Amino acid sequence: MTKYYEYRHTVGFEETNMVGNVYYVNYLRWQGRCREMFLKDLAPAVLEDLQQDLKLFTLKVDCEFFAELTAFDELSIRMRLTELAQTQVQFGFDYVRLDGSGETLVARGSQRVACMRGPNTRTTPARVPEALAKALQPYA
């Protein structure tokens, strides 16, 4: 079983559409939030580096839906490392509904991120920071 970083979330009304199910863009927002919380919890040195010249560019994001979510569903967003290259990282995300009967996989997504450095007019690819690579090791 693959180890994962977990971000828990309770769906709110503001995340649903007129029909009552979760609007698709929220799944992508939750990926970003999960990634942010991972950095906050396990790689704070990377957050400091982002205040300097490190930039994390999201190159690609996707999500495949298997079941609907509605307001007040309890959700576990589980992030794992699927690829670590010299300048890029790819994450996998499982969206799992948690309820009294157990767990249901409701969606699966991925995200590819490039590490860049330099001023905005001359940003160039950079190696994945050591602090990030080290924090991700248990989630490969």
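All of the points below concern the structure found in this document.

Reading guide: rules and limits
Residues numbered from 1 in each chain as written. Predicted model: local features only at pLDDT ≥ 70, side-chain atom pairs only at ≥ 80, totals over all residues. Heavy atoms only, no water. Helix = DSSP H or I, 4+ residues; strand = E, 2+ residues; numbered from the N terminus. Buried < 20%, exposed > 50% of the residue type's maximum accessible area, 1.4 Å probe, protein only. Contact = heavy atoms within 4.5 Å. Core = buried A, V, L, I, M, F, W, Y, C linked by side-chain atoms within 4.5 Å. Pairing = 2+ DSSP bridges. Polar contact = N/O pair within 3.5 Å; in protein donor to acceptor, adjacent residues only side chain to side chain. Phe/Tyr/Trp six-rings, centres within 6.5 Å; stacked < 30°, edge-to-face > 60°.

### Some details on unusual backbone geometry
Consideration 1: Phi angles above zero are rare outside glycine, and Phe-72 is one such case at about 75 degrees.
Consideration 2: Position of Phe-72 relative to the elements: it lies in the loop between strand S2 (54-65) and strand S3 (74-84).
Consideration 3: What makes Phe-72 exposed here is its relative accessible area of 53%.

### Quick look at the side chain of Glu-15
Consideration 1: Mapped onto the fold, Glu-15 is located in the loop between strand S1 (5-10) and helix H1 (25-42).
Consideration 2: Apart from residues no more than four positions distant in its own chain, Glu-15 is found in contact with His-9, Thr-10, Asn-21, Val-22, Tyr-23, Asn-26, Arg-29 and Trp-30.

### Some points on the nonpolar core
Side chains of a nonpolar character, in soluble globular proteins, are inclined to be buried together.
Consideration 1: Tyr-27, Trp-30, Phe-38, Ile-77, Tyr-95 and Leu-132 are the most contacted members of the largest nonpolar core, which totals 34 residues.
Consideration 2: Among the secondary structure elements, those contributing two or more residues to this core are S1, H1, S2, S3, strand S4 (88-99), strand S5 (102-117) and helix H3 (130-136).
Consideration 3: Broken down by element, the residue count for this core peaks at six residues, all from H1.
Consideration 4: For Tyr-27, the contacting residues outside a window of four places in its chain are Val-22, Cys-63, Phe-65, Ala-67, Leu-69, Tyr-95 and Ala-107.

### Looking at the pairing of S1
Consideration 1: Residues Tyr-5, Tyr-7 and His-9 of S1 are buried on one face, while the alternating residues Glu-6, Arg-8 and Thr-10, pointing to the opposite face, are not.
Consideration 2: Judged from the six bridges that link them, S1 and S3 form a sheet pairing that is antiparallel. Bridge pairing in S3 places Thr-10 opposite Glu-74.

### As for the pairing of S5
Consideration 1: Taken together, the eleven bridges between S2 and S5 define a ladder with antiparallel strand orientation. Residue pairing in the sheet places Val-61 in a bridge with Gln-111 of S5.
Consideration 2: Looking at chain direction, S4 and S5 are connected through twelve bridges and run antiparallel. Bridge pairing in S5 links Gln-88 to Ala-114.
Consideration 3: Bridge count between S5 and strand S6 (residues 124-125): two bridges; the pairing is antiparallel. When the sheet's bridge partners are listed, Arg-117 is paired in S6 with Thr-124.
Consideration 4: With antiparallel pairing between neighbouring strands as the criterion, S5 and S6 make up a hairpin whose turn holds six residues, including Gly-118 at a positive phi of roughly 110 degrees.

### A look at the environment of Asp-41
Consideration 1: Topologically, Asp-41 is positioned in helix H1.
Consideration 2: For Asp-41, a relative accessible area of 42% translates into the label partly exposed.
Consideration 3: Taking the C-alpha atoms as reference, Asp-41 lies 9.7 Å from Ala-135; in sequence the two are 94 residues apart.
Consideration 4: Reaching out from Asp-41, the side chain makes a polar contact with the side chain of Tyr-5 at a distance of 2.6 Å.

### A short note on the packing of aromatic side chains
Consideration 1: Counting across every chain of the model gives eight aromatic pairs.
Consideration 2: Between Tyr-23 and Tyr-24, the ring centres sit 4.8 Å apart and the planes meet at 55 degrees, which makes this aromatic pair tilted.
Consideration 3: With relative accessibility at 41%, the residue Tyr-23 sits in the partly exposed group.
Consideration 4: With 5.7 Å between their ring centres and 85 degrees between their planes, Phe-38 and Tyr-139 make a pair best called edge-to-face. Of the two residues, Phe-38 sits in helix H1 while Tyr-139 sits in the segment after H3, which places them 101 residues apart along the sequence.
Consideration 5: Residue class for Phe-38 comes out buried when judged on its relative accessible area of 1%.

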